[in-house]
Amino acid sequence: MSAAITIIGTGLAGYTVARELRKLAPEVPLRLITSDDGTFYSKPMLSNAFASGKAPEQLAMKSAPKMAEELRADIRTASRVESIDRAAHVIEVGGERLAYRKLVLALGADPFTPGLSGEGAKDVLHVNDLTDYSLFRAASAGRRRLAILGAGLIGCEFANDLAGAGFEVTLLDPAAWPLSRLLPEVAGRFMRERLEALGVAFRFGTSATEVSPNGQGYLLQLSDGSTLEADLVLSAIGLRPRLGLAQAAGLLVSRGIVVDRFLQTSDPDIYALGDCAEVAGWVLPFVMPIMQAARALGPTLAGQPTALRYPAMPVLVKTPACPTVVAPPAPGMGGQWQVETSTDGVKALFVAEGGTLLGFALLGTATAERQSLAAQLPSWLE
Ligand code: FAD
């Protein structure tokens, strides 16, 4: 293969940009390289699959060979890219040097749990890909008491799913209510009540500092001086964009790999998107921003430079016990929450001083207004 357009990573970002490119450039040599097995799957389903008894194989949508056929691409699996030689336009993989024409970094992010000590800290589980999901399923066999660290979007989704699967779930968070970065307090209370009705216990205003082995399970030391016993600990706290490869190659990085509106890094032949990338100062590890980025980058790679647009991007929170849609205001936008509650729902609008709607959080029956309200929101990037 002559120097190919090369994409590192076969998650949503890598595969979607490959698809978008193929629509416009059916013949261009294309190569994808991944350290995993290249299975195409829907990552959001990982926090919604346990209660319905889904095995990892059931979440796998297409194998790497199938994707290679569909994309007419060379896909290398189980191959970690070790370095980028920018001057030579070459990447190094397992001792081999592969030439690239344009390079796309779709490397994703690593989950991490800051500030945790103790012998049991290494056993704290994360579910960030299909392999993690398999490991979690295996580790949870015969276990009952589950501590989840972090009551953000992913923590609440797992709490809902795993309580539904029969676990005794305790959700810990230093904030005072669930989804504290996305919901005003009243809405957070509504979510809390719905999850409590399902059997989820909350410990707010505290976080785990130490995890020690305790019989068959663990003892968690919490920052408020209390303790919690659990058979299993799942962390849903932090995500760190994978920057090492870009950093070692001398590309500009900040919180993520820094790219411009064309998804171009500080090297004009290298692009980045997805959980590893930072656009306009934002790292947005969600499906919609990735789809938008891929729709811009596909044409750009095909020779039609296309700037990224971010419309307002509501996120569906997959907590069936409390249907929720959040459309946070763009960072830095000033405004105030206006909240209406009923017994079955909460409608919270984030409104600027002049009355412009900047964001919303809709819970329960109020989610019915999602589409009409989303249509009124300003774009994040025009
Ligand atoms: P990844 O899918 O992590 O892909 C990274 C790829 O890079 C992998 O193939 C990896 O093998 C490869 N790679 C990394 N380094 C190297 C290397 N050096 N060499 C070769 N290959 C390498 N978002 C929503 O909008 N809505 C939701 O409901 C939602 N739910 C979620 C639920 C869970 C449990 C999780 C974890 C996330 C959820 N998200 C959700 C977020 C969304 O799924 C992610 O933002 C998205 O899937 C990230 O895709 P990605 O391609 O950037 O990264």
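Since the structure is predicted, the reported quantities are computational estimates derived from the model, not experimental observations.

Caption draft 1: Focus on the sheet that holds strand β14 (residues 217-222). Strand order in the open sheet formed by three strands is β13-β14-β15, and the pairing between neighbours is antiparallel. Each edge of the open sheet is held by one strand with a lone partner, namely β13 (208-214) and β15 (227-230). The sheet shows a mean angle of 25° between the axes of neighbouring strands, direction not considered. Two strands pair when backbone bridges link them, and β14 and β15 are joined in this way by four bridges, in the antiparallel orientation. Counterpart to Leu220 in the pairing with β15 is Leu228.

Caption draft 2: Focus on the environment of Asp260. In this structure, Asp260 sits in the loop between β18 (257-259) and β19 (270-272). Measuring from C-alpha to C-alpha, the distance between Asp260 and Ile148 comes to 36 Å, with 112 residues separating the pair along the chain.

Caption draft 3: The pairing of strand β22 (residues 324-327), seen in detail. Every second residue of β22 is oriented toward a common face, with Thr324 and Val326 on one face and Val325 and Ala327 on the other, all of them buried. Strand direction decides the pairing type here: strand β21 (residues 315-317) and β22, joined by three bridges, are antiparallel. Along β22, the bridge assignment pairs Val315 with Val326. Remark: six residues form the turn of the hairpin made by β21 and β22, two consecutive strands paired antiparallel.

Caption draft 4: A look at the pattern of salt bridges. Throughout the structure, instances matching the rule amount to 19 salt bridges. A salt bridge links Arg144 to Glu168; the shortest N-O distance between them is 2.4 Å. Within this pair, whereas Arg144 is found in the loop between α4 (130-140) and β10 (145-149), its partner Glu168 is found in strand β11 (residues 168-173), the two being separated by 24 residues in sequence. Linking Asp231 and Arg145 is a salt bridge whose minimum nitrogen-to-oxygen distance equals 2.7 Å. Placement of Asp231 in the loop between β15 and β16 (232-235) and of Arg145 in strand β10 is noted, with a sequence separation of 86 residues between them. Arg145 gets classed as partly exposed once you look at its relative accessible area, which sits at 23%. Beyond isolated ion pairs, a larger network of salt bridges with shared partners links Arg31, Asp74, Arg76 and Glu96.

Caption draft 5: Focus on the domain arrangement of the protein chain. Taken domain by domain, the protein chain consists of domain 1 (4-108 + 242-301), domain 2 (111-238) and domain 3 (323-374). Measuring from the centre of the C-alpha atoms in domain 1 to the corresponding centre in domain 3 gives 33 Å.

Caption draft 6: Quick peek at the packing of helix α1 (residues 12-24) against helix α8 (residues 287-301). Packing of α1 against α8 leaves a shortest axis separation of 8 Å and a crossing angle of 35°. Judged by the twist between their axes, the crossing of α1 over α8 is right-handed. For the pair α1 and α8, contact is made by Leu12, Ala13, Thr16, Val17, Glu20, Leu21 and Leu24 and by Val287, Ile290, Met291, Ala294, Arg295, Leu297, Gly298, Pro299 and Leu301, respectively. Among the residues making up the contact of α1 with α8, the classes are represented as 12 nonpolar, two polar and two charged.

Conventions and cut-offs
Residues numbered from 1 in each chain as written. Predicted model: local features only at pLDDT ≥ 70, side-chain atom pairs only at ≥ 80, totals over all residues. Heavy atoms only, no water. Pairing = 2+ DSSP bridges. Helix = DSSP H or I, 4+ residues; strand = E, 2+ residues; numbered from the N terminus. Axes fitted to C-alpha atoms, helices over the stretch in contact; angles between N-to-C directions. Buried < 20%, exposed > 50% of the residue type's maximum accessible area, 1.4 Å probe, protein only. Salt bridge = Lys/Arg side-chain N within 4 Å of Asp/Glu carboxyl O. Domains from an automatic or database assignment. Left-handed = near helix turned anticlockwise from the far one by under 90°. Contact = heavy atoms within 4.5 Å. Nonpolar A, V, L, I, M, F, W, Y, C, P; charged D, E, K, R; others polar.

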